[in-house]
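The lines below spell out each chain.
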Amino acid sequence: MSSMRQTPLTCSGHTRPVVHLSFSDVTADGYFMISASKDGKPMLRQGDTGDWVGTFEGHKGAVWAATLNRDATKAATGAADFTAKVWNSATGEEIRSFAHKHIVKCVDFTSDSNHLLTGSNEKLLRVYDLNKPDSEPEMLSGHTSNLRCCLWLEDGRRVVSSSDDKTLRFWDITSKSEVRKHDLFAPVNDIELSRDGTTLIVAYGHRVAFFKADTFEFLEEFQIASEVNSASLHCDKEVFVCGGEDFKMYKCDAKTGQEIESFKGHFGPVHCVRFSPDGELYASGSEDGTLRLWQTTVGKTYGLWKCVVPDDTLINGELPAVKAES
């Protein structure tokens, strides 16, 4: 089956570039995906099929970041209208809007959904207590340029962030202090925390790097053929996928960095990529305004992919492509 051709599912709906996406955990209703776009209308979809569930209406500018809490009951978004918003995912209603003084570029929930982290072009990180939404947020300062990424670590007491200042910084929320900084040669475009909470995956320049989440130690990094905008590690930590400026999706061995395969499906740079929580697919968002879903194991029946192998398996010497239902 490994020689079968990759047939991605295309998710339309956005009218401008898709710049960020994220998945929930697996819930009783499956798992869900949210996407952020410059069209200002973040969208919620069924994760395994890409089917549209709803659109969050309320931002008045490009939405740069969108995330779901673990059980997909809440969503958070950050936008060019200088706000971060928290939403009820089931109804689409806005729960809270937090005003900033500049564009909000990144948002993230703690694992218990009690706190929201934001990063903005004010060069600041903010921590909001969602149980006390009227209280002033905690502030973390130290970056010298616009924020790009921010992420809670598993314990809910530490944070990692990146900025146009070409640094990766680690913070302790209790003491409100920076505990470690890595200086890099290019700004970090994307940070992901592995599903088991032990590893940070960092995309910058033409490289995908790995850091220990508990000690912030650098582990290793691999060179990629293209400038990398986003990378994601499979839940079994055997492979990672990444995408960037050459429109391609790359799948690589996580231990050696060796390219396993690459696919071209988008018609513009790839801005974001994430594995689903079960590892069966990965999603990508692009400058072309689409989301695409790709099978981790090509040829497997899953979601809308149905593999029907005819009696004569070889057709003109080739294996048939797996079909994606429309």
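Remember, predicted model here, so these are calculated numbers, not experimental data. (Residues numbered from 1 in each chain as written. Predicted model: local features only at pLDDT ≥ 70, side-chain atom pairs only at ≥ 80, totals over all residues. Heavy atoms only, no water.)

Draft legend 1. Representation of the overall build of the chain. Scanning the chain for helices and strands turns up zero helices and 30 strands. The C-alpha radius of gyration of the chain comes to 19 Å, within 12% of the 20 Å expected for a compact globule of 326 residues. Along the first, second and third principal axes, the C-alpha set of the chain runs to 65 × 45 × 30 Å. Within the chain, contacts between residues at least 6 apart in sequence are counted, and of these 41% link residues at least 24 apart. Summed over its atoms, the accessible surface of the chain is roughly 13,700 Å², and 47% of this surface lies on carbon and sulfur atoms. Side chains of the chain give 36 positive and 47 negative charges; the mean places of these two sets differ by 5 Å. (Helix = DSSP H or I, 4+ residues; strand = E, 2+ residues; numbered from the N terminus. Rg over C-alpha atoms; globule rule 2.2 N^0.38 Å. Contact = heavy atoms within 4.5 Å. Areas by Shrake-Rupley, 256 points an atom, 1.4 Å probe, with all protein chains shown as cover. Lys, Arg positive; Asp, Glu negative; His and termini not counted. Charge placed at Lys NZ, Arg CZ, Asp CG, Glu CD.)

Draft legend 2. The arrangement of the packing of aromatic side chains in detail. According to the stated counting rule, one finds twelve aromatic pairs in the structure shown. Seen from their ring centres, Phe56 and Trp87 are 5.3 Å apart, and the 50° between their planes marks the pair as tilted. Residue Phe56 is located in the loop between strand E5 (52-55) and strand E6 (63-68), and its partner Trp87 is located in strand E8 (residues 83-88); the two are separated by 31 residues in the primary sequence. Trp87 matches Phe56 in its accessibility class, with the two residues each being buried. Every member of this aromatic cluster is reached through a ring pair, and the members are Phe263, Phe275, Tyr282 and Trp294. It is Lys105 that lies over the ring of Trp64; its NZ or CZ is 4.8 Å from the centre. (Phe/Tyr/Trp six-rings, centres within 6.5 Å; stacked < 30°, edge-to-face > 60°. Buried < 20%, exposed > 50% of the residue type's maximum accessible area, 1.4 Å probe, protein only. Lys NZ or Arg CZ within 6 Å of the ring centre and 35° of its normal.)

Draft legend 3. Broad picture of the pairing of strand E9 (residues 94-99). Summarising the sheet, E8 and E9 pair through five bridges and their orientation is antiparallel. Note that in E9 the partner of Thr83 across the bridge is Ala99. Two successive antiparallel strands, E8 and E9, enclose a turn made up of five residues, where Gly92 displays a positive phi of approximately 80°. (Pairing = 2+ DSSP bridges.)

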